[in-house]
Every structure is written in structure tokens, then in C-alpha cells.
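Close look at the chain arrangement
One-letter residues, chain by chain:
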Amino acid sequence: MKNKDIKISIRNLYKIFGSDPKRALQYVKDGMGKIELLEEHKHVLGLKDINVEVPTGKTTVIMGLSGSGKSTLIRHLNRLIEPTAGEVEVAGDNILEYNEKDLRDLRQNKMSMVFQKFALLPHRTVLQNAGLAPSIEGQSERNYSEEARKWLDRVGLQGQADQYPHQLSGGMQQRVGIARALTSNSDIMLMDEAFSALDPLIRTDMQDLLNELQAELQKTIVFITHDLDEALKLADHLVILNDGSVIQQGEPQHILLNPADPYIEDFVSDINRARVLRVRSVMTSLPETQLERSGEIDHEDTLESVIALSEGDTALSYHVMKDGKPVGVLDMRKLVRALVPSEQSKEPESALFGG
Amino acid sequence: MATYDFIFNRLGLRNWCGESGDTGDGMTSMAQLLAETSGDDVEMSAWETPFPSMDALHEACPSFPQSRELTSGLESGFLAIKDTLKVVVDPLTQPLSWALNEALWVMQTVPWFIMIPLLMLVSWVVSRQMKLVALVAICFGFLGFVDYYIYTMQTLAIIFVCALSCVVFGVPIGIAMSRSDRVQRTMIPILDMLQTLPPFVYLIPLIFLFSVTEPKLYGIAIILYAIVPVVRLTDLGIRLVDKDVIEAADAFGMSKRQKLFNVQIPLALPNIMAGVNQTIMMSLAMVVIASLVSAPGLGVLVLRGIRSLELGVGLLSGLGIVLLAIILDRVTKAALARINVSQSN
Ligand SMILES: Nc1ncnc2c1ncn2[C@@H]1O[C@H](COP(=O)(O)OP(=O)(O)O)[C@@H](O)[C@H]1O
Ligand SMILES: [Mg+2]
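First things first, this report covers the structure right here in the doc.

Rules used in this analysis
- Residues numbered from 1 in each chain as written.
- Chains lettered and ligands numbered in written order.
- Predicted model: local features only at pLDDT ≥ 70, side-chain atom pairs only at ≥ 80, totals over all residues.
- Heavy atoms only, no water.
- Helix = DSSP H or I, 4+ residues; strand = E, 2+ residues; numbered from the N terminus.
- Rg over C-alpha atoms; globule rule 2.2 N^0.38 Å.
- Contact = heavy atoms within 4.5 Å.
- Areas by Shrake-Rupley, 256 points an atom, 1.4 Å probe, with all protein chains shown as cover.
- Lys, Arg positive; Asp, Glu negative; His and termini not counted.
- Charge placed at Lys NZ, Arg CZ, Asp CG, Glu CD.
- Buried area = accessible area lost by both parts, 1.4 Å probe.
- Salt bridge = Lys/Arg side-chain N within 4 Å of Asp/Glu carboxyl O.
- Polar contact = N/O pair within 3.5 Å; in protein donor to acceptor, adjacent residues only side chain to side chain.
- Nonpolar A, V, L, I, M, F, W, Y, C, P; charged D, E, K, R; others polar.
- Pairing = 2+ DSSP bridges.
- Axes fitted to C-alpha atoms, helices over the stretch in contact; angles between N-to-C directions.
- Near = heavy atom within 4 Å.

**Concerning the overall build of chain B**
- Per the secondary structure count, chain B includes 15 helices and 0 strands.
- For chain B, the C-alpha radius of gyration of 28 Å lies well beyond 20 Å, the compact-globule estimate for 345 residues.
- Projected onto its principal axes, the C-alpha coordinates of chain B cover approximately 80 × 60 × 40 Å.
- The contacts of chain B with a sequence gap of at least 6 include a subset with a gap of at least 24, amounting to 76%.
- A total of about 18,400 Å² of accessible surface is found on chain B, and carbon and sulfur atoms cover 69% of it.
- Treating the 22 positive side-chain charges of chain B as one cloud and the 27 negative ones as another, the clouds have centres 19 Å apart.

**Quick look at the interface of chain A and chain B**
- Listed as interface residues are 24 residues of chain A and, on the opposing side, 20 residues of chain B.
- In total, chain A and chain B occlude about 1,900 Å² of area from one another, counting both sides; carbon and sulfur atoms represent 65% of this.
- Our enumeration of links across chain A and chain B arrives at 2 salt bridges.
- With a shortest N-O distance of 2.5 Å, A:Arg75 and B:Glu247 are connected by a salt bridge.
- Taken together, the links from chain A to chain B amount to 5 residue pairs in polar contact (both at pLDDT 80 or more).
- Of the residues in the side of chain A that touches chain B, the class split is 13 nonpolar, 5 polar and 6 charged.

**What to know about the sheet that holds strand S8 (residues 220–225) of chain A**
Residues and elements named next belong to chain A.
- Spatially, S6-S7-S8-S3-S9-S10 is the arrangement adopted by the 6 strands of the open sheet, whose pairing is mixed. Of all strands in the sheet, those with a lone pairing partner are strand S6 (111–114) and strand S10 (245–250), marking the two edges. Each strand axis lies, on average, 15 degrees off the axis of its neighbour in the sheet, ignoring direction.
- As paired elements, strand S3 (residues 59–63) and strand S9 (residues 237–242) share 4 bridges and run parallel to each other. Paired with threonine 60 across the bridge in S9 is histidine 237.
- Strand contacts of helix H8 (residues 170–183): S6 and strand S7 (188–192), with the helix running at about 175 degrees to S6, the strand carrying the most contacts.

**Some remarks on the site of ligand 1**
Residues and elements named next belong to chain A.
- With respect to spatial proximity, the complete set of residues near ligand 1 consists of Phe17, Lys34, Val44, Leu65, Ser66, Gly67, Ser68, Gly69, Lys70, Ser71 and Thr72.
- Between ligand 1 and serine 68 there is a distance of 3.3 Å, counted from an oxygen atom to a backbone nitrogen or oxygen.
- Taking glycine 69, its main chain carries an N or O atom lying 3.1 Å from an oxygen atom of ligand 1.
- Protein chains shield 60% of the accessible area of ligand 1, which is 560 Å² for the free molecule.
- Among the elements that make up the shell around ligand 1, the one with the highest residue count is helix H3 (residues 70–77) (3 residues).
- Residues of the shell around ligand 1, tallied by class, amount to 3 nonpolar, 6 polar and 2 charged.

**Re the pattern of salt bridges**
- Evaluation of the coordinates by the stated rule reveals 30 salt bridges over all chains.
- Among the salt bridges present, the one from A:Arg11 reaches A:Glu87, with a minimum N-O distance of 2.8 Å. Taken together, the residues A:Arg11 in strand S1 (residues 6–17) and A:Glu87 in strand S4 (residues 85–90) connect sequence positions 76 residues apart.
- A salt bridge links B:Asp192 to B:Arg232; the nearest nitrogen and oxygen atoms lie 2.7 Å apart.

**Observations regarding the sheet that holds S1(A)**
Residues and elements named next belong to chain A.
- One open sheet accounts for 4 strands, arranged S2-S1-S4-S5; its pairing is antiparallel. The sheet terminates laterally at strand S2 (44–55) and strand S5 (93–94), the two strands that pair on one side only.
- Across 2 bridges, the pairing between S4 and S5 is antiparallel. Bridge pairing in S5 places valine 90 opposite aspartate 93.

What follows is the structure, given as C-alpha cells:
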């Protein structure tokens, strides 16, 4: 029996673009790099030995710079792209063995997708777009309209059902995209840079909306982004991709505090750590020294809010509470140290150059 | 002595050629006739070396065919397969004759006081523009007033049937081209040929194949000439459909068929309609030429103008064709604009 908490597992996945990927695969397995493969054999190494487990009911964010293979990876989950080697298992089923009918069923009922450029059908109304999944299954507009309207209302598009997509702003179009994914009632939502094309303020709104929906619905979301702030805001599980390989994955706070390699250190160095880090990630768990504390804070509070509470006094320390019970203590000095990226706190000189 | 004797000598084909020199086996080439009038076997300078054409080679070797034999060979070859070809093509194209006859009959039988309002109604439904409806009324009113009503209706009937056939055949061909690069590669030269071949050229074999009194003769000529744009633009339109939208259709589990009918064709519709517009205009252009092979309508009047130098008839019927062109163009363009508005992004 497979682990119930894992919805999708990707094992030893390789993808090589070119005329003879099988042959090129051998070179890659023998250790050839992306640049060499392109120059000597004219094949593009898209993904290399990917192993990722996507937890059920959580948001997994795949982050990487442009060209790192994020879109390629997410398209393997519903087989919009066929792998060169490896396995993809969804809810215990190896989807690479699916025939065309199984695959359509997977796409219609178990997985939905939200796209960077919205990809709505321009000749259909907002309602018809939201009802795409049921309409593909052959339901009439009358049948699906109630469900579709419910989700359109839920994403904040009350009264827009009869508009056409081109009459809406980008942010509203993407809300239709999300409603379309929700109307399909699938457990898994794939989101490829879903908010990257939106203005910053609207993007923040959409992130909040997604977090709200997720708290309510507990879908298994695979979200792709190139923006670390967005990743940290949404992720329960963070996967960092570079040049087609996973270079670190885990709990986001953990990655932030313990970056595995210089590439990630670089990445995390310009983040506003006070806003992102939570008390639980930097506290000392229960030393039970009954010292006098200046107050109680919740384990999910951000460091920023604790700094505000302490009014900048580094001499203080707090009890950390979880569900009303003390789980640890937080010393303000430790908090301040956590605000500086680890590399820089070890070697103070490099901070001069680090900007 | 002919210039190219040496070729046949060198290749050891002299025996195959038979007697060297002019043994005149029936057909005489133009060059030979000229040579005879100007005196035999004048020594030629290098400047005057003839191109190694069939006739020049024939001069050196009587067994080598003359170009005239090529053309007559083509002709007798065509005549030889004509009957079998007719057995196949005749029944296949018979519906076209029926359709043309029916359409002509309907358009001429329905009285003008029903027909003109009907046409106005159609243009309203398609374009939703009062201006165009008025234009239609004025044009048909004018053409009826100068006693060209029947001719106009005949032309309209022919265009209706031919353009419709172009769409019925052209759109599926275009779809097939858009789905397979191989089909596209084979179709493009054929389309290029149809588009550039002077229409008179394919009228000739058609005349051999069918009798001049059959409507399908001009029907086929018009369709072959006018089908090209709708095929090309259907192919282009489907290939231009936004890749992201296609991907979304795939991601939500559409079958190929659903994708074609619910996404690709609707999104390609502006281009397909642009093709239909072109097709209609080209069939109108062809109607005049088709009158040479008994197509009725305004083209007959144009021909009368040319044949018996009736300047007035020629000009007026020419104007009639222009008016018809304007109406058809405006109405289809208005339909196109309506499609564009409903799906611009
Ligand atoms: N169809 C393809 N053919 C060849 N190379 C491709 C193809 N699709 C993607 N690639 C290459 O794979 C790499 C990863 O692309 P992609 O997954 O789109 O990156 P991302 O979404 O992270 O920006 C890039 O180097 C890209 O050029
Ligand atoms: Mg991408």
C-alpha cells in the first residue's frame, strides 16, 4: 500500500527534447550536462532525475528561474508532455500506463489546470468557460450552470457570467480560469505561473484568494512560480528547480534557514525574512527553564509581528504558544540573528559585497 | 547536315535513327520549311546554333519525335482515357448539374416581389446593418429597372451553388491540411497550380469531357478556380489558433473531435470567413469566362457586348457585375466583422 498522504509521486523522471531522446538519455545518465548535450548532440535536457512527492491536500510550489523546466515538469503530471524515462503516479495509479480514455478521464475529473495566459475560450461566455469541464463531459449549459455560477461567485465574479472573456481585465480573466478549474471538482489543481501575468497588487489579491480557497477546500495544488515571495506565501512544500534538476525540496521555512547550496542562498538573500519566517521556525522548543518572559506569542506569528510587539527591544524573550499550550520560547536575540541570511551571518565581510 | 548529328553518331544510335538527313516522314517542322525556302543546307555559324529542341534533334535523327508529336500525343492520350474518365467523373459530378439547374430554376421562378425582400432579409440576418439592406435594395432595384433582373438572378444562383460547393469541399480539405504536414506539402503545389493556371486552360479538357450544354461544365470550372482561398485560409486559420487555448482544451480532456468543432473551427472562423469572401469574389470573376461555355447570367451580356460590339450592353452588364460584387463583398465582410467582434481578445 502506498502512503495515503502522497497524492502524486514522480520518480526518476527524465525529459529530453530532440530527435532521438533515448540515445541522448544514455549520455545524460553517464553524466553529460545540459550545455554539452545541446552543443554536441543538439538535444535539450528538459528534466533530469526528478523525484518529488506531492502531499495530499497541500500546496506544493515548484520554483525556479525561467527555463529551469517548471512548465515541462507540471505538464508531465497530466501527460501533456510524455516523459523520456521515469514514473508518474497519481493516487497510486501509474498514469504512464493509461490509454487515451483513462487519460481523458484523468484530465476531466481528477486534475484541472490554470494557465499563465489564462487560455480561456474567447468565443464562449464566462459561464460557459467556467463550465468547460462538465460541457466536455456532455452536460448542457442548463445542467452545469448552477455549479459554475457557484464557483464564479466564490472567486468574486458575481454578475459577470454573461460577459465574454475579452470584456474582463486580466485579473478577472484569471478568476474565470480558477473558477473553471474548481467547477471540474477535481482534487488536484495544476497552476503554471497562474499569477505571473498580473499586476503586483492584483497578484497579491489572487494569492490571498487562493490561500482562502485552499483553507476551505484542501485541494492538492501544484503551483509553479519564479517568484520566491509568492512561493513562500503559498507553499506548504517547496521544490526548487534549476536547469532541470531539483536542488532542494522541503518545508519552505526550513529551506530559507538552511539553504542547501549557493544558488538557493543567492535566491533567498533578498527576501524580507521578517515577514516570511514564522516563530515556530526560529524558537527554541521547551527548555522549561521557568524564567520570567515578557509575554506570549503564537507559533504561527511572523517575526515581523513579534518585532512590532517588542518595539525593537532585543533583551526580551517570549513564550511560544500553540493551541493555548506553551511549545517553546523565543529569544529576541535569536530572532534578530535569524533575520540575517546564514551565509552572511557566518562571514560578515561578504555582507559588504552581498548588497 | 543537321547540327546535332554528332550526338546520335557518338551514342551509336545512327541505326535506330534510320537514314541520316531529311527523309521527311510526313510531318515537316517550321525550321525545315524555312530552310527549304531559303535554300538547302546553308553552312551555319556557331552563333546560329539552334537550341537542342525536339525539332532540332528530329532534324538530325528522323526517329526522334517532333514537339508537335508531343502535343498530339497528349491529345490522343487524353482522348483515349476520356471515356473511362467520363464513366467515373460523370456520375460524381452529376449532382452539381442538378444543383445548378435547381438553383437557376428557383431564382428565376420566384417572383421579384418575393425575391428582393428575401435577399434583403438575408443580408439583414447576416450583417445586422440597415445600410447594407438599403444597398441591396437599391442595387437589385436598379438592375431590375434596366431589365437585367433575370440575368442577375442567374448569376447569383450560379455563385450561390459554386461558392457553397467550394465551402463544402474546401473547408474539410483545409482542415486535413492543417492536421498533417504531409497533406499540406502535397496540397500546396496543387493549390498554386489552380490559382495560377489560366482558367481557359482547364476549360479545354473539361469541354472534351462533358458536353457544352451541361451546367456542371462551368460549375466545375468555377469551383476549381474559386476553391483555393477557402482551402488556404482554413488551413492557415486552424494553424494560427492560439496554442495556449489548444493546450487548455487538452488539459481539460477534450477529444480530438471536440477540439476541432468546439475550439479550432470556431477560433479559425474569422480566417475561414475571409476565405469564403475571397471565394465568392473569385467565382464572380469566373462567371464571365464561364459564359463562354454556356453559363447563363450577366456574363452572357458581357460576351454579347464583346462579340457584336454593343458597347452599351457591355458597359451596363459590367456595371451589374460590379454592383453584385460590392453587395456580396460588403455582406460577407459585415458577417466577418460580427464574428471578429464576438471573439477579439
Ligand atoms: N518542445 C520543446 N522543444 C525543445 N526544447 C524545449 C521544449 N519545451 C521546453 N524546452 C526547453 O526546456 C527547458 C525548460 O523549459 P520550460 O519547462 O518551459 O521552463 P520554465 O517553464 O521553467 O520557464 C528550456 O530550456 C526550454 O528551452
Ligand atoms: Mg514556464
